[in-house]
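Close look at the chain arrangement
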Amino acid sequence: METYLRMVDLPYQNYFDGKLSPQGKMPWIEYNQEQVCGTEFIIDFLEERLGVSLNKTLTPQEKAMSRAITKMVEEHFYWTIAYCQWVDNLEETQKMLSMSGPLSDLLKWILSHLTGGIVKREMYGHGIGRFSREEVYALMEKDMRTLATLLGDKKYLMGSKLSTVDAAVFSHLAPAMWTLPGTRPEQLIKGELINLAMYCERIRRRFWPEWFVDLEDFCYNDITEGSESKLPDLGLYSRTDTFQDDTHTHTPHTHTPQDPPSPDSDPTGHSLYDSDMDTECSEIDQLKC
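Residues numbered from 1 in each chain as written. Predicted model: local features only at pLDDT ≥ 70, side-chain atom pairs only at ≥ 80, totals over all residues. Heavy atoms only, no water.

1. Observations concerning the pairing of strand 1 (residues 28-31)
Where strand 1 lies against strand 2 (residues 34-37), four bridges are found, and the strand directions are antiparallel. Residue pairing in the sheet places Ile29 in a bridge with Val36 of strand 2. (Pairing = 2+ DSSP bridges. Helix = DSSP H or I, 4+ residues; strand = E, 2+ residues; numbered from the N terminus.)

Right, dumping it as structure tokens:
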């Protein structure tokens, strides 16, 4: 939800008091003393009240596909990642919790195990929690491979421009990229499904610039082989050259074998910042008009 608000450039304020909506759900928002809960209803509400939309240029078929993808990640893929985070890798997740004070370790243990128990109970009620560990991971891998196939070499899922589905997919792939070190989803996204890693980094750089990502985050430890595997030097750049809206003229870069590889460009010298930032800022400006 927060990524969507940043994509449409709406100001907001977070409250981390743990308060749920009257329906007992999260996320929820309050706008002019009116409460709305549920991501889909919140987006519909904001589109109606404020006139913001990331889907204006989509065809009816693309809108239908976007909804199908969103429901796959929200109602299916979400549970497999939650299982990996809060059940199968609970101890590592516990270490990542941010708490301080003399009782921080105890509080981390209580919070992580409480959350893990809730996730297991909810997964069982959903139905996916009744499968074995291997079956849950098999379902997760199918979803990730489906997303990688749908994305292909496009910049975003629906093409060269952002749409609402990108907010949903990014938020569900983010744990695989940054909070599940050494796990199967991380190995997939930073290895075989490299286009998903480039996709996540492209969105992170644009909408979450305060996230500091070390270059070591783009490698993973191959547990089965006992060796470290690193991403190829692709510069996290989409191969789709569909930037018709770009009003800036970029001088072609020259590349010599002596030049060290840059994390901000692809092997041809295209800059991630130039190609994404210049083009897409104009798209957000159009939403404000």
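2. Thoughts on the nonpolar core
Nonpolar side chains tend to gather and get buried jointly when the protein is soluble and globular. Ranked by internal contacts, the top residues of the largest apolar core, which has 60 residues, are Tyr4, Leu46, Val169, Leu173, Ile189 and Tyr199. Contributing elements (two or more residues each) for this core: helix 1 (2-7), helix 2 (39-50), helix 3 (60-88), helix 5 (104-126), helix 6 (133-151), helix 7 (164-178), helix 8 (184-192) and helix 9 (194-207). The element contributing the most residues to this core is helix 7, with 10 residues. In this structure, this core is formed jointly by two domains, domain 1 (1-53) and domain 2 (59-218), each of which donates at least three residues. Setting aside chain neighbours within four positions, we find Ile189 in contact with Met144, Leu173, Ala176, Met177, Ile194, Leu196, Ala197 and Cys200. (Core = buried A, V, L, I, M, F, W, Y, C linked by side-chain atoms within 4.5 Å. Buried < 20%, exposed > 50% of the residue type's maximum accessible area, 1.4 Å probe, protein only. Domains from an automatic or database assignment. Contact = heavy atoms within 4.5 Å.)

3. Quick look at a nonpolar patch on the surface
On the surface, a nonpolar cluster with roughly 630 Å² of combined accessible area is contributed by Met99, Leu103, Leu106, Leu107, Trp109, Ile110 and Leu111. By the element assignment, Leu111 lies in helix 5. (Patch = residues over 30% accessible without salt bridge, like charges linked within 9 Å, V, L, I, M, F, W, Y side chains within 5 Å. Areas by Shrake-Rupley, 256 points an atom, 1.4 Å probe, with all protein chains shown as cover. Salt bridge = Lys/Arg side-chain N within 4 Å of Asp/Glu carboxyl O.)

4. Here's the deal with unusual backbone geometry
Phi at Asp9 takes a positive value of approximately 60 degrees, unusual for a residue other than glycine. Locating Asp9 in the fold gives a position in the loop between helix 1 and strand 1. For Asp9, a relative accessible area of 38% gives the class partly exposed. Located in the positive-phi region is Gln33, a residue other than glycine, with phi close to 65 degrees. Topologically, Gln33 is positioned in the loop between strand 1 and strand 2. On the accessibility criterion, Gln33 (75% relative accessible area) is exposed.

5. Focus on helix 5
For helix 5, built from 23 residues, the straight-helix expectation of 33 Å at 1.5 Å per residue is met to within 8% by its first-to-last C-alpha distance of 32 Å. Along helix 5, the positions that sit buried rather than exposed are Ser104, Lys108, Ser112, Gly116, Val119 and Met123. For helix 5, the elements touching its buried residues are helix 3 and helix 4 (90-96). Trailing helix 5 by a residue or two, Gly127 shows a phi angle of about 115 degrees, which is positive. (Expected span 1.5 Å × (residues − 1).)

6. Describing the confidence of the model for the protein
Across the protein, pLDDT averages 78, with 73% of residues at or above 70. Taken element by element, the protein is modelled with least confidence in strand 4 (residues 227-230), mean pLDDT 42, and with most confidence in helix 6, mean pLDDT 97. Taken together, the stretch residues 222-289 has pLDDT below 50 and engages in 110 contacts with residues farther than four places along the chain or on a different chain. (pLDDT = per-residue confidence, 0-100.)

7. Describing the packing of aromatic side chains
Here a ring pair, both rings aromatic, is described through the centre-centre distance and the interplanar angle of the planes. As enumerated under the stated definition, the model contains seven aromatic pairs in all. Through a chain of ring-to-ring contacts, three or more aromatic side chains come together here, namely Phe170, Trp178, Trp208 and Trp211. Its end group placed over the ring of Tyr124, Arg130 keeps NZ or CZ at 4.0 Å from the ring centre. (Phe/Tyr/Trp six-rings, centres within 6.5 Å; stacked < 30°, edge-to-face > 60°. Lys NZ or Arg CZ within 6 Å of the ring centre and 35° of its normal.)

8. Remarks on the packing of helix 6 against helix 9
When two helices pack together, their arrangement is given by the angle between the helix axes and the distance between those axes. Look at helix 6 against helix 9: their axes get within 9 Å of each other, and the N-to-C directions meet at 75 degrees. Considered as vectors, helix 6 and helix 9 are oriented roughly perpendicular to each other. Here Met144, Leu147, Ala148 and Leu151 of helix 6 come into contact with helix 9, specifically with Asn195, Leu196 and Tyr199. Across the contact of helix 6 with helix 9, the residue classes tally to six nonpolar, one polar and no charged. (Axes fitted to C-alpha atoms, helices over the stretch in contact; angles between N-to-C directions. Parallel < 35°, antiparallel > 145°, perpendicular 65-115°, else oblique. Nonpolar A, V, L, I, M, F, W, Y, C, P; charged D, E, K, R; others polar.)

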